[in-house]
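Survey of secondary and tertiary structure
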Amino acid sequence: MTRQELKNNIIADCKRYINEYCHNVFKVYINCPGFRYTYWMRKVMYWKSKRGITKYVGILFPYFIYRNLSMKYDIHIDTNIPIGFGLMIVHQGGVFLNAHEVGNNVIIYQNVTVGSGNENKLIPVIQDNVKLLTGAVVYGDIVIGEGTVVCPNAAVSKSTQPYTMVGGVPAK
C-alpha cells in the first residue's frame, strides 16, 4: 500500500460518515468511533506493507492505538485482509471480520460476525456495496454478491446472488 492509497482510502472512509451532524473530518473523527477505528486500522495496514526497520519503528504507535480501540469498541478486523475503500462501521460493539477480501463501500452494523476464529480457511468473500445488518452471521467458503443486504440476525452459509436480500436462519 502506498501513501497515496492510504490517503485515498481514509478520505473515502471519511466521506461515508459525513452527514448533517458531522460536516468536517475533525467532527467525524471525534464523534464516530467506527471511523476512528477504521482510520487507525488503515494506518496499521500501511505500516505492515513496509519493509525493513521503518516497518517496526513506524508501526508501534498506530498499532498501540489500534489495539486499544479494538478492545474499547469491541471491533476485531484482521489487518491482513484486503479491504476496499469506503468501509463504514455504523455502531461499535461485537464486530468480528475475518474474510478473504472485503469490497468497496461495505456497511457493517453491530454484532456482526464474518468468518470463523480458527485458521481453517473457510472464510467468505464480501463484494462491493454490501450491507451487513445487526446480528448477521456470515460463515463458510462463500461469496456475498455485490449489493447484497444481509438482514438482521440472519445466518448466511451459502453464496448469494448480486443485489439480493437474504434473511432467516439459514438465510434464503
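Residues numbered from 1 in each chain as written. Predicted model: local features only at pLDDT ≥ 70, side-chain atom pairs only at ≥ 80, totals over all residues. Heavy atoms only, no water.

Quick notes on the overall build of the chain
The condition is simple: The helix and strand labels rest on DSSP assignments: H or I over at least four residues marks a helix, E over at least two residues marks a strand, and numbering proceeds from the N terminus. For the radius of gyration, the atoms used are the C-alpha atoms, and the globule rule reads 2.2 Å times the number of residues raised to 0.38. Exposure classes here rest on a 1.4 Å probe applied to the protein chains alone. A residue is buried below 20% of its type maximum, exposed above 50%, and partly exposed in between.
Looking only at helices and strands, one finds four helices and 13 strands in the chain. Computed over C-alpha atoms, the radius of gyration of the chain comes to 16 Å, within 12% of the 16 Å expected from 2.2 N^0.38 for 172 residues, which places it in the range of a compact globule. Projecting the C-alpha coordinates of the chain onto the three principal axes gives extents of approximately 45 × 40 × 30 Å. Counting only residues that meet the buried cut, the chain has 44% of its 172 residues in that class.

What to know about a nonpolar patch on the surface
The cut-off we apply is this: A residue counts toward a patch only above 30% relative accessible area and without a salt bridge, and it is joined to like-charged neighbours within 9 Å or, for Val, Leu, Ile, Met, Phe, Trp and Tyr, to nonpolar neighbours within 5 Å. Note on areas: these come from Shrake-Rupley sampling with a 1.4 Å probe, and a residue is covered only by the protein chains present in the view. Just to be clear on terms, a salt bridge is a Lys or Arg side-chain nitrogen sitting within 4 Å of an Asp or Glu carboxyl oxygen.
A cluster of nonpolar side chains, contributed by Ile53, Tyr56 and Val57, occupies part of the molecular surface with about 360 Å² of accessible area. Its location among the elements puts Ile53 in helix 4 (residues 53-73). Residue class for Ile53 comes out exposed when judged on its relative accessible area of 64%.

Section: unusual backbone geometry
Each neighbour pair has its own omega, and for Val169 with Pro170 the value is -5°, a cis peptide bond. Structurally, the position occupied by Pro170 is in the segment after strand 13 (165-166). Unusually for a residue other than glycine, Asn129 sits at a positive phi of about 55°. By the secondary structure assignment, Asn129 is in the loop between strand 7 (125-126) and strand 8 (131-132). We note that Tyr163 has phi near 55°; this positive angle belongs to a residue other than glycine. Here Tyr163 lies in the loop between strand 12 (155-156) and strand 13.

Section: helix 4
Think of an α-helix as 3.6 residues a turn; residues three or four steps apart then line up on the same face. Using the following cut-off: Each helix should span, by expectation, one fewer than its residue count multiplied by 1.5 Å. Note on bend: the value at a residue is the angle between axes fitted to the seven residues ending there and to the seven starting there.
Helix length check: helix 4 (21 residues) gives 31 Å between terminal C-alpha atoms against 30 Å at 1.5 Å per residue, within 8%. A bend of about 40° at Leu60 is the largest found in helix 4, and the proline Pro62 appears one to four places after it. Every buried residue of helix 4 is listed here: Gly58, Ile59, Pro62, Ile65, Tyr66, Leu69, Ser70 and Tyr73.

Brief notes about the environment of Lys15
Inspection of the secondary structure puts Lys15 in helix 1 (residues 3-17). Judged by its relative accessible area of 60%, Lys15 falls in the exposed class. Along the sequence, Lys15 and Val25 sit 10 residues apart, while their C-alpha atoms lie 8.5 Å from each other.

A look at the packing of aromatic side chains
Just so we agree on the cut-off: Whether two aromatic rings pair depends on their centres lying within 6.5 Å, for rings of Phe, Tyr and Trp, where Trp uses its six-membered ring; planes under 30 degrees apart make the pair stacked, over 60 edge-to-face, and the rest tilted. We call a charge positioned above a ring when the Lys NZ or Arg CZ atom is no farther than 6 Å from the ring centre and deviates by at most 35 degrees from the ring normal.
Evaluated as defined, the whole model comprises eight aromatic pairs. Where Tyr39 meets Trp40, the ring centres are 5.1 Å apart and the plane angle is 90°; that geometry is what we call edge-to-face. When its relative accessible area of 22% is taken as the criterion, Tyr39 is described as partly exposed. On the accessibility criterion, Trp40 (11% relative accessible area) is buried. When the ring of Tyr46 is compared with that of Trp47, the centres are 5.3 Å apart and the planes differ by 75°; the resulting orientation is edge-to-face. Of the residues examined, Trp47 reaches a relative accessible area of 22% and is grouped as partly exposed. One residue, Arg36, lies across the ring of Tyr29, its end atom 5.6 Å from the ring centre.

Considering the packing of helix 1 against helix 3 (residues 33-48)
What counts is decided by this rule: Helix axes are fitted only over the stretch in contact, all axes being lines through C-alpha atoms; the angle between N-to-C directions runs from 0 to 180 degrees. Any angle that is under 35 degrees is reported as roughly parallel, and any over 145 degrees as roughly antiparallel; angles of 65 to 115 degrees are reported as roughly perpendicular and all others as oblique. We call two residues in contact whenever any of their non-hydrogen atoms come within 4.5 Å of each other. Note that Gly is not counted as nonpolar here; it falls among the polar residues with everything else outside the nonpolar set of Ala, Val, Leu, Ile, Met, Phe, Trp, Tyr, Cys and Pro and the charged set of Asp, Glu, Lys and Arg.
The contact between helix 1 and helix 3 brings their axes to 10 Å, and the two run at 170°. For the element pair helix 1 / helix 3, the angle class is roughly antiparallel. Within the contact between the two elements, helix 1 uses Arg3, Leu6, Asn9, Ile10, Asp13, Cys14 and Tyr17 and helix 3 uses Gly34, Phe35, Thr38, Tyr39, Arg42, Lys43 and Tyr46. Counted by class, the contact of helix 1 with helix 3 contains seven nonpolar, three polar and four charged residues.

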